[in-house]
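# Reading the structure
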Amino acid sequence: MRDGTLYSGPHWQRYATRDTDEAHDFVRRAFLDIRVRSSGAGRDGAGLRTVTTALDDVGVTRLHYSARTRVQTAPDGDLNVAHLMGGRFTVASAVDEYRLLSGDVMLILPDQSEDLTYDDVDTFVVRLPRPLLEKVAHAQTGINGTELRFDSSRPISAALGRHWTQTVAHLTRTVLSDPALLANPLIMGNTRDLLAATALAVFPNTAHAAAPRVAGEVTPRALRRALAYVDDHAGQPITVDQIAAAAGVGPRALQLAFRRHHDTTPMRYVRQVRLERAHRDLQAADPTTGVTVAMIATRWGFTHPGRFGTDYRATYGNSPRHTLRT
């Protein structure tokens with residue numbers, strides 16, 4: 001790769017440079033605005049190397065940057081969560097200073113300025129756009145966008161910090177490494193929502209203290225509208241908010257209605273419908289044409305073959321492969 005050259009495909013890009021100013025410009029484009037206070041590149045320059053996988057407006061970047069640098073952030077509301085693999089990284093706000101060790105996780109506060117100092121860092125950075133965080137927080141608690149604020153760069157606990165790294169590692173091994181899965185809108189939408197929900201769970205924010213939505217009465221007609229919406233849109237990314245809007249009720253009321261009348265949640269019902277559609281496709285498919293269980297499972301948003309097989313056997317009494325062959 002030549003210095004300063006960007007290579008990219010449908011869902012990925014690679015970038016490298018030894019020029020310090022170009023490295024800082026890349027950080028501004030890819031993550032957030034910064035004001036550089038000091039930067040000392042080594043004999044071979046800044047040594048920036050990145051590989052980014054894009055899920056629409058979500059970016060997952062493996063980044064190595066050799067120069068010792070101190071910057072001040074100019075936040076824009078989006079969230080950047082970093083998992084330090086090596087090197088030295090310190091984040092300091094008006095009330096706290098957090099010196100990361102290898103394996104630690106932190107976020108750059110999206111609504112206030114911080115001082116970052118890093119040297120020879122190797123890190124995974126996940127960038128989450130503000131609208132996605134607001135959507136997921138609203139679906140979970142009813143909090144509106146102006147009320148969502150993050151309070152600390154540190155995870156709530158070490159266990160939750162590990163939960164973040166395990167979630168990203170799982171997605172990297174499965175979804176992010178497979179172009180076919182990245183091209184699937186169901187899987188893309190679910191992955192984006194999972195990353196946002198995990199960030200909301202791991203780091204202190206105002207959604208944790210938000211009162212749950214007050215549940216109103218859901219009429220049978222409204223519940224039928226919700227079921228019909230899922231049936232009509234099972235092949236597309238679906239959220240609880242979308243189902244609730246189609247039914248004309250609030251997300252919390254919808255959740256309680258599904259529990260009361262169907263002993264499940266809206267998203268588990270979505271999964272059941274997709275499992276049924278996969279079952280129909282397996283019954284109708286001709287394996288001599290090259291169709292596989294994995295192809296059909298992926299079409300309906302199932303990325304984990306073992307879990308798909310277990311759920312399928314529990315529902316239909318035999319394996320997906322058996323259904324395809326008979």
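Procedures and definitions
Residues numbered from 1 in each chain as written. Predicted model: local features only at pLDDT ≥ 70, side-chain atom pairs only at ≥ 80, totals over all residues. Heavy atoms only, no water. 1 Å grid on protein atoms, 1.4 Å probe; cavity = no way out; pocket = protein on both sides within 12 Å on 5 of 7 lines; lining within 4 Å. Points joined across faces, edges and corners; volume = space filled by probe spheres on them. Helix = DSSP H or I, 4+ residues; strand = E, 2+ residues; numbered from the N terminus. Nonpolar A, V, L, I, M, F, W, Y, C, P; charged D, E, K, R; others polar. Buried < 20%, exposed > 50% of the residue type's maximum accessible area, 1.4 Å probe, protein only. Salt bridge = Lys/Arg side-chain N within 4 Å of Asp/Glu carboxyl O. Expected span 1.5 Å × (residues − 1). Polar contact = N/O pair within 3.5 Å; in protein donor to acceptor, adjacent residues only side chain to side chain. Core = buried A, V, L, I, M, F, W, Y, C linked by side-chain atoms within 4.5 Å. Contact = heavy atoms within 4.5 Å.

### What to know about the layout of surface pockets
There is about 960 Å³ of room inside the largest pocket. As for the largest pocket, its lining consists of 33 residues, of which Asn190, Thr191, Asp193, Leu194 and Met267 are closest to the centre. Of all the secondary-structure elements, those providing two or more residues to the lining of the largest pocket are helix H2 (130–141), helix H3 (158–173), helix H5 (185–202), helix H7 (240–247), helix H9 (266–284) and helix H11 (305–316). Its residues assigned to classes, the lining of the largest pocket comprises 15 nonpolar, 11 polar and seven charged.

### Let's talk about empty space enclosed by the protein
As enumerated under the stated definition, the model contains one cavity of 30 Å³ or more in all. Of the volumes computed, that of the largest cavity is approximately 250 Å³. For the largest cavity, the lining is made up of 20 residues, of which Val27, Phe31, Leu63, Phe89 and Tyr118 are closest to its centre. Elements with a contribution of two residues or more to the lining of the largest cavity: helix H1 (20–30), strand E5 (58–65), strand E7 (79–92), strand E9 (105–108) and strand E10 (115–128). The element contributing the most residues to the lining of the largest cavity is E10, with five residues.

### So, unusual backbone geometry
Positioned with a positive phi, Asp56 is a non-glycine residue whose angle comes to about 55°. Following the sequence through the fold, Asp56 ends up in the loop between strand E4 (48–55) and E5. A positive phi angle, close to 50°, is found at Asp263, a residue other than glycine. Examined against the element boundaries, Asp263 turns out to sit in the loop between helix H8 (251–262) and H9. For Asp263, a relative accessible area of 63% gives the class exposed.

### Re the pattern of salt bridges
This model, assessed by the stated rule, comprises 17 salt bridges. Close ionic contact of Asp122 with Arg62 constitutes a salt bridge, the shortest N to O distance being 2.8 Å. Residue Asp122 is found in strand E10, and its partner Arg62 is found in strand E5; the two are separated by 60 residues along the sequence. The class for Arg62 is partly exposed, based on a relative accessible area of 34%. A salt bridge links Asp96 to Arg154; its shortest N-O distance comes to 2.8 Å. Residue Asp96 is found in the loop between E7 and strand E8 (97–100), and its partner Arg154 is found in the loop between H2 and H3; the two are separated by 58 residues along the sequence. The exposure class of Arg154 is partly exposed, given its relative accessible area of 31%. Among the charged side chains, a network of salt bridges with common partners joins Asp25, Arg28 and Asp33.

### Topic: H5
With 18 residues, H5 ought to run about 26 Å at 1.5 Å a step, and its terminal C-alpha atoms sit 26 Å apart, in line with that. Within H5, 13 of the 18 residues are buried, which leaves the element mostly enclosed by the surrounding structure. For H5, the N-terminal capping position is held by Asn184, with its side-chain oxygen 2.9 Å away from the main-chain nitrogen of Leu186.

### Focus on the nonpolar core
Formed by 34 residues in total, the largest nonpolar core has its most connected members in Leu79, Val126, Leu128, Phe150, Trp164 and Leu195. Among the secondary structure elements, those contributing two or more residues to this core are E5, E7, E9, E10, H2, H3, helix H4 (179–182) and H5. A total of seven residues in this core trace back to one element, the largest contributor, which is H5. For Trp164, the contacting residues outside a window of four places in its chain are Val81, Val105, Val126, Leu128, Leu195, Thr198, Ala199 and Val202. Judged by nonpolar contacts, the second largest core, of 32 residues, contains Tyr229, Leu254, Ala278 and Phe308.

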